[in-house]
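Topology and contacts: notes
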Amino acid sequence: MANLTQKIVPVLGGKLSITVNISGSGPPIFFCHSAGGFYWDDFLENLSKDYTIYAPYFPGTAPGKPDEIEQLEHLWDAVLAYDDAIEGLGLEQPIIMGHSFGGMLAAEIAAHRKKQTRKLILIAPIGLWKEEASYTVANWCALSFPEIKEVLFHDQSCPRVIKRMARPEEGTEEQALWDRDFIWTIGCTAKLIWPIPDKGLCKRIHRISAKSLIIWGENDKLISPSYANDFEQSIADSQVFTLPLCGHEPPLEQTEKLEVAVRNFLSD
Amino acid sequence: MKIACFHLMPYRDLQSDFDKKYNSAWFTLPFEDVADRAMVSKYYNWTLDELIHAAHSGFDGVCTNEHHQNAYGFMVNPNMMGSVLARATRGTDTAIIQMGETAVFLNPPIRVAEEYAMLDSISEGRLVAGFPVGLGGDYAYSYGMAPMEQRGRYREAHDLILKAWKSDKPFAWNGKYYQLPMVNIWPKPSQEPHPPIWVPGNASPSTWDFVIEHDYSYCYLTYFGAKGAKHMVDGYWDKVEEAGKDKNPYRMTYLIPVGVSETDEQAEKEYGPHIEYFYHKLLHMPEQLLLPPGHMTHSSLTHVLTKRPFPAYDEFNDMGFKEFNERDYLVTGSAATVTAKLKEIIKDLNVGHLLLLPQFGSMSHDKAMENISRISEGVLPHLKGIWDDEGWEDKWWPKGQVGVSQTKEEAA
């Protein structure tokens, strides 16, 4: 486990402070986590050997700070808060990377920051929408825990998946608090994207000028892998990398292959 | 003591294996798969007939409510029902209790201010204005709004509606959720400055604080029985006392299904299948559909998950009529038995307004009409005077009465 440090960065004119997890050394990667919340996985751990990872908690999801979500009313508040955070961290031209919900944020940030984004990495991002491959936030909010696991992963028996989704013993207070954090985190991210995460990225995505990598698991049951092509067609300098035997969680399900793809892209 | 007849307007004839085929009676249940359009017409008319029958046979009020996309109760616009009821009970002092049109489901929410004002006018001042926060699933899944914004919208909609009723001049509203350039509603309610306000809830302390702060009446709408309610209701009364307010029982309203039989022994046969249909079929719903992520505040979510003050809905499936009856989830038996049990509940919970649910689950129209008659004849006369000797004023009952509706000229 890496030695994670945290930095509190004031944003939005001091109305909000973002808690940023930091680890590693090397060029900066600003990483936006998924709707499931911040989780320091092996993918980030391995990448942090050669890059400095800056991974903010989405407001409201940092431990002990649930009320911070009240400062965000719209998606634009979040984009500007993250833009402020990047400046506050002193990152002039970071690599922006995001997964799922965080992928949408990463794309919005890159569309906003244009030349101030070195490269962009989108892992199964939400944010575009088409009727023939429709999905809604309710699709994952209305699921039971076993159903969520079924939809998220290609293979639930993968050890990293088991570790990530390990729920404390049934009936214990630990489990109640684990459930509380899980539900609250999804609720916080859902606030900005309910009920359908089509919040105008399609009107801004053409602004992305950074070289971009779009990664998708071939067996993603939550968001159709067909969206990879839509992102590729919308971003001028982009390429798609698909992962076989992989669902919506490449960092857990295909950790090593994902890392190789990202390293190759970044060193290119 | 005031006693009103509540109705959910359920789908009464779901197939017996419906809960095996579908994971919920709410939100995702396809109408065309399980419902018959002709039967639905009958249900709405039966519901109105049952409520009108209750009004004419001794109930003090009739009560409607709002839910969406479900078989449990699909009175999607309670004000349409309330309007029919107001006209059908003209010339009586029956309260029209709307529990209620849900402001956060509408945009702009002054639609509620307008429609309640219309209803109060049609009923000549007999309206009780219910202000529900609204079911989280209705708000998020049926009406597509972010769960985390529901309570903020509710507070703002409430403030806007109250100002719309009270203001004597047009005003601009620049809120967090709503912006209106010239609020100037027509009509204003018949009751001045506005109808009495009741707030339904499910034992959320934040709702208690809101009710007490504004001096409204709290309606505890629970399906977990009067025995389980005691602890919750005591929490409300403690807060009332802490706020330095009196223990006027009319600050409290309580809902319960009731079935009256000729004898206690006949109750199970007459009402058992209907209450089991209610709990097993109509409340068939996964918890995450009831409470979308973000609907509850962080502190309420922590409380509910760590303390589990209510059983999970799927536990109902392990229970039958006997358990429901023993836990006072409903009250059944002879008129004498029902009267005694309701007296006990009224005193125990310190309740001034009682909402009885005489039609529940799969109960037929004829059975519901008979039950209403039995309650009216055998129960209500013995309950109505319960609080009379204590001298409490019911500040939360509408002012309109037979013969007092008059124009300004008549008043002069």
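The rules behind the values
- Residues numbered from 1 in each chain as written.
- Chains lettered and ligands numbered in written order.
- Predicted model: local features only at pLDDT ≥ 70, side-chain atom pairs only at ≥ 80, totals over all residues.
- Helix = DSSP H or I, 4+ residues; strand = E, 2+ residues; numbered from the N terminus.
- Buried ≥ 20, exposed ≤ 12 C-beta atoms within 10 Å, placed from the backbone.
- Contact = placed C-beta atoms within 7 Å.
- Pairing = 2+ DSSP bridges.
- Axes fitted to C-alpha atoms, helices over the stretch in contact; angles between N-to-C directions.
- Core = buried A, V, L, I, M, F, W, Y, C linked by C-beta atoms within 7 Å.
- Nonpolar A, V, L, I, M, F, W, Y, C, P; charged D, E, K, R; others polar.
- Arc of directions from axis to C-beta.
- pLDDT = per-residue confidence, 0-100.
- Parallel < 35°, antiparallel > 145°, perpendicular 65-115°, else oblique.
- Left-handed = near helix turned anticlockwise from the far one by under 90°.

Residues and elements named next belong to chain A. Tracing the sequence through the fold places Ile-8 in strand β1 (residues 5–11). Ile-8 sits in the exposed class, given 11 other C-beta atoms within 10 Å. Each C-alpha atom of the pair Ile-8 and Gly-37 lies 17 Å from the other, and the pair is 29 residues apart in sequence. Leaving out residues up to four positions away in the same chain, Ile-8 has contacts with Ser-17 and Thr-19.

Here we take up the sheet that holds strand β3 (residues 28–32) of chain A. Residues and elements named next belong to chain A. Reading across from one edge, β1-β2-β4-β3-β5-β6-β7-β8 is the order of the 8 strands in this open sheet, with mixed pairing throughout. If you trace the sheet from one side to the other, it starts and ends with β1 and β8 (238–243), each paired once. Strand-to-strand twist across the sheet, computed as the mean angle between neighbouring axes with direction ignored, equals 20 degrees. Across 7 bridges, the pairing between β1 and strand β2 (residues 16–24) is antiparallel. Bridged to Gln-6 within β2 is Asn-21. Across the sheet, helix α2 (residues 75–88) touches β1, β2, β3 and β4 (52–56), and the angle it forms with β1 is around 120 degrees. Relative to the sheet, helix α9 (residues 227–234) contacts β6 (119–123), β7 (211–217) and β8, its axis offset from that of β8 by approximately 165 degrees.

Our focus in this paragraph is the nonpolar core. The biggest cluster of nonpolar side chains holds 200 residues, and the ones touching the most others in it are Ala-106 and Ile-215 of chain A together with Ala-4, Cys-5, Val-62 and Leu-356 of chain B. Top element by residues in this core is helix α3 (residues 101–113) of chain A. It accounts for 8 residues. Filtering out sequence-adjacent residues up to four positions away, Ala-4 of chain B remains in contact with Phe-59, Asp-60, Gly-61, Val-62, Cys-63, Ala-95, Ile-97, His-353 and Leu-355 of chain B.

Opposite the 21 residues of chain A that make contact, chain B presents 19 residues. Of the residues that constitute the side of chain A that touches chain B, the class distribution is 15 nonpolar, 2 polar and 4 charged.

Moving on: helix α4 (residues 78–88) of chain B. Residue and element names in this part refer to chain B. Pro-78, Asn-79, Met-81, Gly-82, Leu-85 and Ala-86 are the residues of α4 that are buried. Each buried residue of α4 lies within a common arc of 150 degrees when the element is viewed along its axis, so the set occupies one face. On its buried face, α4 sits against α3 (37–56), β2 (61–64), β3 (95–98) and α5 (110–122).

In this model, chain B carries a mean pLDDT of 94, and residues with pLDDT of at least 70 account for 97%. Scored as a whole, the predicted complex attains pTM 0.94, and scored at its interfaces, ipTM 0.93.

Moving on, we come to the packing of α2 of chain A against α3 of chain A. When two helices pack together, their arrangement is given by the angle between the helix axes and the distance between those axes. All names here are of chain A. For the pair α2 and α3, the least separation of the axes is 10 Å and the interaxial angle reads 70 degrees. In terms of their interaxial angle, α2 and α3 are classed as roughly perpendicular. When you trace α2 past α3, the crossing you get is right-handed. Residues Leu-75, Ala-78, Val-79, Tyr-82 and Asp-83 of α2 form the contact with α3, whose participating residues are Leu-105, Glu-108, Ile-109, His-112 and Arg-113. Looking at the contact of α2 with α3 residue by residue, the class counts come to 6 nonpolar, 1 polar and 3 charged.

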